[in-house]
Amino acid sequence: KLRSLRSITLIVLGELEAASDDEGYQYAGVSIFFSVSESTADLDVNQTLAIDNFFEDMNLQEDDFSAESLSFGNLMSQMNWKSRWIYRGSLTMPPCTRSVYWNVLETVYPVKQEVVDALSAKLLRGGLNTTEVGGNY
C-alpha cells in the first residue's frame, strides 16, 4: 500500500560543548516537526524565509547527498524554543546509548508539498523508500 508523505521530522544531534556533563550526557538533540497541512505556527516573513532557505540549501533535486552549507543557525534562531519538551534520553539508532539531552519543539512548522516530495524522491534515490507504510524518512 502506497501513501503520500505529508510531513517531515528533522532530528539533529550535536556534541555538548564540554565533553560531557556530570551524569555522562554528551549530546544535545532537537526534533522539529514540519507538516504540509497541520502547521500550528503563526510565522512572520523572516521565519518563513528561514524555513524555505534551509530546505533549498539541501539541494533536494540533486543526487549528491552532501550540501555545501545549510542555513541551520538561521533556522534554529527562528524556532519557538519557549514551548518544548525536554528530557534525558538515548540516541535514536543503535547502540541507543543514553547520552542525549532532547528538545522536542511543540510547534509544527509549515512545509511545502513540493519540498516533501523532493525529499522523498531524494531518499528513494538513496535507497530509502518513504512511500510504503512504515517507511523511514
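The structure under discussion appears in the preceding block.
### Examining unusual backbone geometry
Thinking step 1. A positive phi is found at asparagine 59, a non-glycine position, where the angle reads about 50 degrees.
Thinking step 2. Residue placement: asparagine 59 occurs in the loop between helix 1 (45–57) and helix 2 (72–77).
Thinking step 3. Exposure remark for asparagine 59: the relative accessible area of 35% places this residue in the partly exposed category.

### Observations regarding the environment of lysine 82
Thinking step 1. Assignment of secondary structure puts lysine 82 in the loop between helix 2 and strand 3 (84–89).
Thinking step 2. C-alpha separation for the pair lysine 82 and leucine 105, spaced 23 residues apart in sequence, amounts to 8.5 Å.

### A word on the side chain of glutamine 47
Thinking step 1. Turning to its location among the elements, glutamine 47 is positioned in helix 1.
Thinking step 2. Using a relative accessible area of 17% as the deciding quantity, one classes glutamine 47 as buried.
Thinking step 3. Residue contacts for glutamine 47: discarding those within four places in its chain leaves Asp42 and Gln78.

### Quick look at the sheet that holds strand 1 (residues 7–15)
Thinking step 1. Spatial strand order, 1-2-4-3: 4 strands in an open sheet with mixed pairing. If you trace the sheet from one side to the other, it starts and ends with strand 1 and strand 3, each paired once. Within this sheet the neighbouring strands show an average axis-to-axis angle of 20 degrees, counted without direction.
Thinking step 2. Here strand 1 pairs with strand 2 (residues 27–35) via 9 bridges, running antiparallel.

### Describing the packing of aromatic side chains
Thinking step 1. This structure, assessed with the given rule, holds 4 aromatic pairs.
Thinking step 2. Centre to centre, the rings of phenylalanine 34 and tyrosine 109 are 6.2 Å apart; their planes meet at 50 degrees, and the pair counts as tilted. One end of the pair, phenylalanine 34, is in strand 2; the other, tyrosine 109, is in strand 4 (residues 100–110), and 75 residues separate them in sequence. Pair check on accessibility: phenylalanine 34 and tyrosine 109 agree, each one buried.
Thinking step 3. A ring pair is formed by phenylalanine 54 and phenylalanine 55, whose centres lie 5.4 Å apart and whose planes are at 75 degrees; its orientation type is edge-to-face. Grouping residues by exposure puts phenylalanine 54 and phenylalanine 55 together as buried.

Definitions and cut-offs
- Residues numbered from 1 in each chain as written.
- Predicted model: local features only at pLDDT ≥ 70, side-chain atom pairs only at ≥ 80, totals over all residues.
- Heavy atoms only, no water.
- Helix = DSSP H or I, 4+ residues; strand = E, 2+ residues; numbered from the N terminus.
- Buried < 20%, exposed > 50% of the residue type's maximum accessible area, 1.4 Å probe, protein only.
- Contact = heavy atoms within 4.5 Å.
- Pairing = 2+ DSSP bridges.
- Axes fitted to C-alpha atoms, helices over the stretch in contact; angles between N-to-C directions.
- Phe/Tyr/Trp six-rings, centres within 6.5 Å; stacked < 30°, edge-to-face > 60°.

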